[in-house]
Amino acid sequence: MVKENVPGVPQPEGEHRRRVTILFTDLSDSTHLSGTLEPETYRELLDELRLAFSSIVAERCGTTNQFVGDGLNALFGYPQPSEHDGRRATEAALAFHVRVRQLRQKYTGLGAADLCVHSGIHAGQTLARQGDNIAGRVEFFGAPAGIAKHLCDKAERDEILVSQETLGPSLHFFQTSERQVVLKGRAGALTVHRVLARTALRTRFEAQAQLGLLPFIGRQGEMARLDVALQTARAGQVQLLALCAPAGVGKTRLAEEFLRRAADAGCAVLRGYCEADLSAEPLQPFLQMLRTHLRLPAGASAVALALEHGLRALDPALLAHRGELLRALSINLDAAGTPGGPRSAPDQTLQALIQFFAALAHRAPLVLFFDDWHWADDATRQVMHGLCQLADTPLLLLATMRPAATGHALPSEAALVQLDLFGDAEAATSIAALLPGVDPFVADAIRRYAGGNPLFIEELCHSAARTGAQGGLAAMQSGSVWLETLIESRVSRLPPEQGEILSAAAVIGNVVPIWLLAELTGCDEHHPLVQGLADQDLLFPSGSGGSLRFKHGITRDVVYGAVGLPQRRAMHRRIAQLFQSRTAPGAEAEACEALAYHHAGAADYALAAQSAEVAGDKAMATSSIDRAKTQYRAALEMLDRLPETPERYLAWRSVVRRLGMVSVFDPSRDTLDVFARAVRLARDQGDAAGQAYAEYWLAYVKYALGESGAAAAHCELALQAATALGDARLVGQVRAILGQARAAVGDYASALPLLDDAGRLQRLQHGSGRISPVVAYSLACKASVLGDQGHFDAAHACFEEALAALPGAAHEVEGSVLCWRSGVHLWRGDWQAARADAQDAERVAERVKSLYLLGMSRGLGAYAAWKLGASAQALRELADATQWLQLRDKNLFVSLNHGWLADALVDQGRPDDARHHAALALRRLRKRDGVGAAMASRAMARWAAAQGSWTAALRHVERAEQVAAVRGSAHEQAQNELCRARLALLQGQRGEARACLDRACEAFFKLRMAGFLAQAQGLL
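Note that the structure is predicted; figures quoted are calculated from it, not measured. (Residues numbered from 1 in each chain as written. Predicted model: local features only at pLDDT ≥ 70, side-chain atom pairs only at ≥ 80, totals over all residues. Heavy atoms only, no water.)

The strand order across the open sheet built from 5 strands is E10-E11-E12-E9-E13, with neighbouring strands paired in parallel fashion. Each end of this open sheet is capped by a strand with a single partner; those strands are strand E10 (268-273) and strand E13 (415-418). Within the sheet, the average angular offset between the axes of one strand and its neighbour, ignoring direction, is 20 degrees. With 6 bridges joining them, strand E9 (residues 239-244) and strand E12 (residues 395-401) adopt parallel strand pairing. Looking at the pairing, Leu 241 lines up with Leu 398 of E12. Each of E9, strand E11 (366-371), E12 and E13 touches helix H7 (residues 220-234); the most contacted strand, E9, lies at about 165 degrees to it. Together, E10 and E11 form the strand contacts of helix H9 (residues 284-294), whose direction differs from that of E10 by roughly 135 degrees. (Pairing = 2+ DSSP bridges. Helix = DSSP H or I, 4+ residues; strand = E, 2+ residues; numbered from the N terminus. Axes fitted to C-alpha atoms, helices over the stretch in contact; angles between N-to-C directions. Contact = heavy atoms within 4.5 Å.)

Here we take up the sheet that holds strand E15 (residues 539-541). As summarised here, the arrangement of the 3 strands in space is E14-E16-E15, forming an open sheet in which the pairing is antiparallel. Of all the strands in the sheet, the pair left with one neighbour each is strand E14 (511-513) and E15. The sheet shows a mean angle of 30 degrees between the axes of neighbouring strands, direction not considered. Note: E14 against strand E16 (residues 547-550), 3 bridges, orientation antiparallel. Within E16, the residue paired with Val 511 across the bridge is Arg 549. Its contacts with the sheet put helix H19 (residues 496-508) on E14, E15 and E16, and the angle it makes with E14 is roughly 105 degrees.

Summarising burial for strand E1 (residues 16-27): 9 of the 12 residues are buried, a large majority. Of the strand pairs in this sheet, E1 and strand E3 (residues 71-76) are connected by 6 bridges, and their pairing is antiparallel. Within the sheet, the bridge partner assigned to Thr 25 lies in E3 and is Leu 72. (Buried < 20%, exposed > 50% of the residue type's maximum accessible area, 1.4 Å probe, protein only.)

Further remarks concern the confidence of the model for the chain. Per-residue pLDDT for the chain averages 86, and the proportion of residues at 70 or more is 89%. In the model, residues 4-9 has pLDDT below 50 throughout and makes 10 contacts with residues more than four positions away in sequence or in other chains. Under a pLDDT of 50 for its full length, residues 331-344 has, in the predicted model, 20 contacts with residues more than four places off or in other chains. (pLDDT = per-residue confidence, 0-100.)

All right, on to the pattern of salt bridges then. A full pass over the atoms with the stated rule returns 60 salt bridges. A salt bridge links Asp 929 to Arg 924, with the shortest nitrogen-to-oxygen separation between them at 3.2 Å. For the pair Asp 929 and Arg 924, one class covers both residues: buried. (Salt bridge = Lys/Arg side-chain N within 4 Å of Asp/Glu carboxyl O.)

Applying the stated criterion across every chain, the model contains 16 aromatic pairs. Pairing Trp 697 with Tyr 700 gives two aromatic rings, centres 6.1 Å apart and planes at 15 degrees, and the pair type is stacked. Here the residue Trp 697 and the residue Tyr 700 both occupy positions in helix H29 (residues 688-704), the gap between them amounting to 3 residues, near one helical turn. Three or more aromatic residues joined by ring pairs form one cluster here, namely Phe 286, Phe 356, Phe 357, Phe 370 and Trp 373. Against the face of Phe 174 rests Arg 198, its NZ or CZ located 5.6 Å from the ring centre. For the cation-ring pair, Arg 582 lies above Trp 515, with the distance from its terminal atom to the ring centre recorded as 3.8 Å. (Phe/Tyr/Trp six-rings, centres within 6.5 Å; stacked < 30°, edge-to-face > 60°. Lys NZ or Arg CZ within 6 Å of the ring centre and 35° of its normal.)

Tyr 703, Phe 893 and Phe 1004 are the most contacted members of the largest nonpolar core, which totals 130 residues. Looking at which element gives the most residues to this core, the answer is helix H37 (residues 851-869), with 11 residues. Apart from the residues within four sequence positions on either side, Phe 1004 is in contact with Ala 974, Gln 975, Leu 978, Met 1009, Phe 1012, Leu 1013 and Ala 1016. Residues Val 438, Ile 508, Val 530 and Ala 576 belong to the second largest nonpolar core, which totals 57 residues. (Core = buried A, V, L, I, M, F, W, Y, C linked by side-chain atoms within 4.5 Å.)

Moving on, we come to helix H39 (residues 895-907). Between its first and last C-alpha atoms H39 spans 19 Å; for 13 residues at 1.5 Å apiece the expected length is 18 Å, and the two agree. With 12 of 13 residues buried, H39 lies mostly within the body of the structure. On the buried face of H39, the contacting elements are helix H35 (812-828), H37, helix H38 (872-887), helix H40 (911-926) and helix H41 (933-946). (Expected span 1.5 Å × (residues − 1).)

The next thing to look at is the side chain of Arg 87. Here Arg 87 is to be found in helix H3 (residues 85-108). Leaving out residues up to four positions away in the same chain, Arg 87 has contacts with Leu 167, Ser 170, Phe 173, Phe 174, Arg 198, Arg 202 and Glu 275.

Before going further, it helps to spend a moment on helix H12 (residues 347-363). Over its 17 residues, H12 extends 25 Å from the first C-alpha to the last, a length consistent with the 24 Å expected when each residue adds 1.5 Å. Buried within H12 we find Thr 349, Leu 350, Ala 352, Leu 353, Ile 354, Phe 356, Phe 357, Ala 358, Ala 359, Leu 360 and Ala 361.

Further remarks concern the side chain of Arg 967. Position of Arg 967 among the secondary structure elements: in helix H42 (residues 950-967). For Arg 967, the residues in contact, after removing those within four places along its chain, are Gly 746, Tyr 748, Asp 788, Trp 827, Gly 930, Val 931 and Glu 972.

Before going further, it helps to spend a moment on the packing of H42 against helix H43 (residues 970-986). At a minimum axis separation of 9 Å, H42 and H43 run at an interaxial angle of 165 degrees. Between H42 and H43, the angle falls in the class roughly antiparallel. Where H42 crosses over H43, the two elements pack in a sense that is left-handed. Counted together, Trp 950, Ala 953, Leu 954, Val 957, Glu 958, Ala 960, Glu 961, Ala 964, Ala 965 and Arg 967 of H42 and His 971, Glu 972, Gln 973, Asn 976, Cys 979, Arg 980, Leu 983 and Leu 986 of H43 form the full contact between these two elements. A breakdown of the residues in the contact of H42 with H43 according to their chemical character gives 10 nonpolar, 3 polar and 5 charged. (Parallel < 35°, antiparallel > 145°, perpendicular 65-115°, else oblique. Left-handed = near helix turned anticlockwise from the far one by under 90°. Nonpolar A, V, L, I, M, F, W, Y, C, P; charged D, E, K, R; others polar.)

Let's shift gears to the packing of H43 against helix H45 (residues 1010-1019). Their axes nearest at 11 Å, the elements H43 and H45 cross at an angle of 25 degrees. On the basis of their axis angle, the class for H43 and H45 is roughly parallel. Crossing geometry of H43 relative to H45 is assigned as left-handed. Only Phe 1012, Gln 1015, Ala 1016 and Leu 1019 of H45 make contact with H43, whose side of the interface consists of Gln 975, Leu 978, Arg 982 and Leu 985. Along the lines of polarity and charge, the residues of the contact of H43 with H45 split into 5 nonpolar, 2 polar and 1 charged.

If you want it as structure tokens, here you go:
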């Protein structure tokens, strides 16, 4: 369907990108066996192993791919992927290992008493093409086959190793033990599981229940429909409902919640499930229900006796159907002695089952639940139809199924209950339950990427918990091969023309302009094929109009990954040309983001770097610092793919400077390598200016990460270079950051002159009355120093000057200024003003997507709220905000957070947690971040005194006094006096307490710290 005017090299005939699961099995100690056995016997053994392997693999919908000597190789998911591929491959390996153990007895007398095999299983995306006798039936290119073979080589005798990302939730269908395997050429250890045996679990819901189910969320409307149907059924009218939704939307979860309510209401409930495997038995869900209700044990005679007893107790008239029911049960009895029974059921058997369940319903209202009805066999559907024809029978039939099967899999009497995806509120509730305390940016990324699909949300949350949420969305996506296979199995069943449209949309991006899709495919939003994609919840109209959007970001990525590289590059190049043709001269910035993406996809790296740099500048101009950082990093990556030339270096240096400007507002440690590299490259190029700026940005990011000592050292190097260059502007900027770094370590005496000089230099460069955002932040730092010293009025005057100088409302620096002003309000005891400023700063942080600003503003606001009302919610918010900063290694002034927590946790009577945060605050003191150490020490003094540990309490107060003295902090010194007074009162030393209170009251009055003054006067 994609238009033929898309240039490029077509994908070679017969090549396909596929996610497959690969099983490798080798004969253990084969050299020893081949030397011990006669050649004919060894050949016979290998033939028997190959025959058994092929049979077992075929039974589980796999393909035997290749025999190489004593090695066996099978594929699952080719040519048609399935969500069950990893599970089937593992079950095949288990069954084959069992078969080999059975063969051991046969060959023991011939010299193969220690006959064993070992296996490895891994899944992932590969490039597949038709093979030959040498390469195998199918030849694969990519890492998965190599990893599966390495796992096989790592496995011990009779051991099966399968990677965690292959199994996903199916892991709980097996008894396993986890281990870490290091594979040559792969970064980091691979988590694998040694598979020991099958568990009793049979459905994915049972596996999820093993992990612990989340609280049931939403679905009030759907539940109401089920409740009405149940009441109708209880009145004697058979009801058939089907919960219909794509995989992962929560059909089974809703059904189980309803079944629990039905059982509580006095209904009998029986469950069954359908399977797609070749080993699935006819009438499977009904037979599962029959066995469950009659508690039938294994064994033909035992089954017959139990069946007769159960039918006699239920309704003697059913004994006439005993033979037919037993015949149905014998279709697939594990130990009946009659394996391989009939693969279809006669009409008498179907009627017997209908009569059985009808009789059961007349004893008590009956609910029959059929999971995964889309895999039901013909006989099962016939019984369902027969049940629907029953009259005056209190019976409710409830099935779950996927949309593609609704046209033919259910009787006409069925009522469909469509399940929608989670809305934003429901998704947020799920994420909060799975990742308590996760920062909002990660939660929002998961919500957007999952597109409201509960299964996708759950998997991304589990992945984030395993890999660390601070790794970002890319880290969360790793380890989800099973989920990608599930999505690919669904997409691969689309008609070819529709699949081509979806692939073109995936190359365009997550948001698909309709004009562009029409240019590429000839189909607009009204075309039946496009509307069909919307009906299947793959593409849907975006709210802005004129475009479509992928329902789930993860689906888009899976579809994109399945497009062959030649077609993908050709399509990206064509899309870039279309964007350029629609862009007016001089308006290139309008489409710069799309051009950066498509030029990169087309491997036009020079054009991609130029567009990404423009896109970064555009984002920076609107204070979208997260997007700016992403674009600048992309530009650097594109430049690194170009040949080394002087022009490339100059372009690279220019982008690095821009990256520095955005990195300081939300620092991350990975940018340090970029700036350190910039220093080395500048030195190699003899670029003194480049080296000076690189040292400056390295200093700034070190400062923003809370490494103020290291930042000062880099500042000294940058200052020397800038002075030698005569670059007055850079000198002013370096002196500003040097002043900020020295203020951060409490060296106020040298910090204040530097901050003042920086402002003066910047004013001279910008003209009278104008200052830059850098100087605005320097003014805020100066204000914080003045506030710490007790000069609150002067501090607030600085804050006002800084805010007035910013180029517009909600500028990223405004968040920093407001955070500092909120902190000074806290020092003064003005909790209301502190919370108001923190809330304003939080709004800025959310807009510019700065986690550091968000963590600090949330922490400030939460501590102010705690002081106003000591609410548990405020304390949770403070702990969450502190955790976000810790996990992301954002440590600038983080001792404040730990000091606040220590203080609040002592008030709440949680000494262990308080000590933990006090220790972290004091550990930051070693990094010369002592701004929260005095508060933490006073909190520990109060707790020690409450326990009667006077010596320890005094020691803590002395440390608080030492910290305050180093900073010259007037408000801390006053609070230390108040703390000493409280300790003295607890010991009965009223004279000492009075002296301390007098000094405290005098200081509080002088500093106009009214709240603290009231506390001291109350003690008097």
